[in-house]
Amino acid sequence: MSDSLIRLDGIHKWFGDNHVLKGIDLEMSQGQVVVVIGPSGSGKSTLLRCVNLLEEPTSGKVFFDGAEITDIRTDLNKVRANMGIVFQAFNLFPHMTAEGNIVVALKKVLKVEDAEAHKRAKDELERVGLPHKTDAYPSQLSGGQQQRVAIARALAMRPKLMLFDEVTSALDPELVKEVLDTMRALADEGMTMVVVTHEMGFAREVGSRLIVMDEGKIVEDGNPREVFANPQQERTKSFLSHVL
Amino acid sequence: MASAAATMERPPRGLELVKQQSTPEALAVLGVGALAILLALLGPLVVLLMNGFTPLEDLVSGFKSGAFRGVLWTAVGLGALAIAGAGLIFKRQGTKISREETIAAAILGIQAIVLSLLLIGFAGGDVQKFAQNYLDFRIIGEQDPGLKDFFNAAKNTVVLAFSAEFFGVVLGLVFAVFAISKRAVVRAPARVYINLFRGTPLILQIVFIGVGLPIGLGINIPAYRAAIIALSLNAAAYSAEVFRAGIQSIERGQLEAARGLGMSYMQAMRYAILPQAVRRVIPPLMNEFVILIKDTALVLVLGLTAGERELMTYGDFGVANTFNATFFILIAAGYLAVTLPLIRVVNAVERKLRSGLVGVGA
């Protein structure tokens, strides 16, 4: 209980009349790589965005590092600085260079010294394999490169948890691998990750835990290899038969 | 290999292509059309110049001369010839260039005819009276107000416009951020302000702030300052709407990315959203500025004193003093001297933003 990094407690999310999450209970501990799969519209992305409260649950509680962050008195900015998120559409700031994208939050949110912020930015760009792109603007980078800068931007904050929201879905097929390789290296370093994806190969090889969602509920939760080899639920079987 | 290289050669472009694809007959009608428009544009000018602009009587006799009409009717004839010729040969033109040349010839012909007929009609009217009232430039400098006052007025127009734009943009940005607040108590006053100033005539706002407000508040607001205040408040409402549209045109993901990094809403606005939004709205803002320059004319109603007069007040004073509307022509030229360069700048900036690397969009 105490070693869980994230705990979701009866999360429901309504968008108007649309019941998107129907009572999600989930607990994950440090070092886990949780991969979330499921048909589109099943609530995967909403679930992910409820973890850092970019989407506010209609009801239910979210705990991070032992504290309830759905409590209205929580300083969410502080919490979010501890959780990196990477989006499908990259969402780099187009008016800043790769380095500028990384430096801005370090300086303005974490109040890191200027020199230290630039050093961290360069280190992180090196880590994602783009040391020569510090001065490039997003429009000068390929989709895969932009996404790696977005990952570097999140990592520079030294988060305790990384959230990946279908980060390869907007990429040309030949650019998917470079992003997945970056994520794989991150998982190998022991980063705690929640990964919403359609990449089944990644789910099987990198995930330490697989969650299958359907119609706003978690229908299966277990070791990826076992779930792929031997799905327990009818719904999982039919979904896997369509995507594998 | 050799034949492949031959087909890879760059096809002719520009003048090279024109030379290759033109036909003599298309060039001939194009020449006639060009001649017609040149005659309609420059012919009257040459005739007037030969008659002399001053004294006014020479200018009038130039308009009334047979040469003036003769040169224009010739232009009409040439224009008609270009149209007829173009119509005759158009169907058999086999290249894109020669067809375009034929079409251009006909269009130039039409323009020459329209322009010539307008000028002939004008010369047929009471040119004497028109010239006396609108083109008597001797009057400027002879009496009060003089040419020196004109330059001072032009300076005042520019000062009014720039200060109102400055305060308007600063205030407008604040109102725009208020207007998109998720809190109704913040949003509502901003909307009321914006709609009030967009929904009433500027001239009423100027009168109210320059005349009504000082009475109501029991304070003295100097007219020139009241003019700047009224124009600023009005510009703020319009700038606010431009900024609001700009902010809302930024993809939602930008705000989410900033918040996801732990920035507060205000930090996200300041570092992520506004820099992009401002860049995006520079062209429409400059457009508003061009409008604002002309709107400064409405401070006429405040009755500014001699040294404070802007172009419109200056012109109005001149016309009232001399009973001669030449002052209006002069101030029209004054406004153009400010607005035309600015319009060029707007277009250049717009082009640059559209092609720029550091630009807009994702």
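In what follows, the accompanying structure is described.

Cut-offs applied
Residues numbered from 1 in each chain as written. Chains lettered and ligands numbered in written order. Predicted model: local features only at pLDDT ≥ 70, side-chain atom pairs only at ≥ 80, totals over all residues. Heavy atoms only, no water. Core = buried A, V, L, I, M, F, W, Y, C linked by side-chain atoms within 4.5 Å. Buried < 20%, exposed > 50% of the residue type's maximum accessible area, 1.4 Å probe, protein only. Contact = heavy atoms within 4.5 Å. Patch = residues over 30% accessible without salt bridge, like charges linked within 9 Å, V, L, I, M, F, W, Y side chains within 5 Å. Areas by Shrake-Rupley, 256 points an atom, 1.4 Å probe, with all protein chains shown as cover. Salt bridge = Lys/Arg side-chain N within 4 Å of Asp/Glu carboxyl O. Helix = DSSP H or I, 4+ residues; strand = E, 2+ residues; numbered from the N terminus. 1 Å grid on protein atoms, 1.4 Å probe; cavity = no way out; pocket = protein on both sides within 12 Å on 5 of 7 lines; lining within 4 Å. Points joined across faces, edges and corners; volume = space filled by probe spheres on them.

1. Concerning the nonpolar core
- If you look at the biggest cluster of nonpolar residues, it comprises 106 residues, and the most contacted ones within it are Leu161, Met162, Phe164, Met183 and Met193 of chain A.
- When residues no more than four places from it in sequence are discounted, the contact partners of Phe164 of chain A are Leu48, Val86, Ile151, Met183, Leu186, Met193, Val194, Val195 and Val196 of chain A.
- Ranked by size, the runner-up nonpolar core spans 35 residues in total, among them Ala154, Ala235, Ala297 and Val299 of chain B.

2. Regarding a nonpolar patch on the surface
- A surface patch of nonpolar side chains, about 600 Å² in accessible area, is lined by Leu38, Leu41, Leu42, Leu45, Val46 and Met50 of chain B.
- Here Leu41 of chain B is to be found in helix α3 (residues 24-51).

3. Quick look at the environment of Met263 of chain B
- Following the sequence through the fold, Met263 of chain B ends up in the loop between α12 (252-260) and α13 (265-295).
- Judged by relative accessible area, Met263 of chain B falls into the buried class, the value being 0%.
- Along the backbone, Met263 of chain B and Pro341 of chain B are 78 residues apart, and their C-alpha atoms lie at a distance of 41 Å.
- Those residues in contact with Met263 of chain B that lie beyond four places of it in its chain are Asn77, Phe93, Val104, Ala105 and Val109 of chain A together with Ala258, Ala268 and Tyr271 of chain B.

4. Overview of helix α3 (residues 98-108) of chain A
- Counting buried positions along α3 of chain A yields eight of eleven residues, so the element is predominantly enclosed.
- For α3 of chain A, the complete set of buried residues consists of Ala98, Glu99, Asn101, Ile102, Val103, Val104, Ala105 and Leu106 of chain A.
- Where the residues of α3 of chain A are buried, they touch α4 (114-127) and α5 (143-155) of chain A together with α13 of chain B.

5. A look at the layout of surface pockets
- The volume enclosed by the largest pocket comes to roughly 1100 Å³.
- Surrounding the largest pocket, 36 residues form its lining, Arg80 of chain A together with Lys182, Leu255, Arg259 and Tyr265 of chain B being those nearest its centre.
- Those elements that provide at least two residues to the lining of the largest pocket are β4 (59-64) and α2 (76-81) of chain A together with α8 (147-179), α11 (223-248), α12 and α13 of chain B.
- Counted as a void, the second largest pocket has a volume near 230 Å³.
- Taken together, 15 residues make up the lining of the second largest pocket; nearest its centre are Ser45, Thr46, Gln88, Asp165 and Glu166 of chain A.

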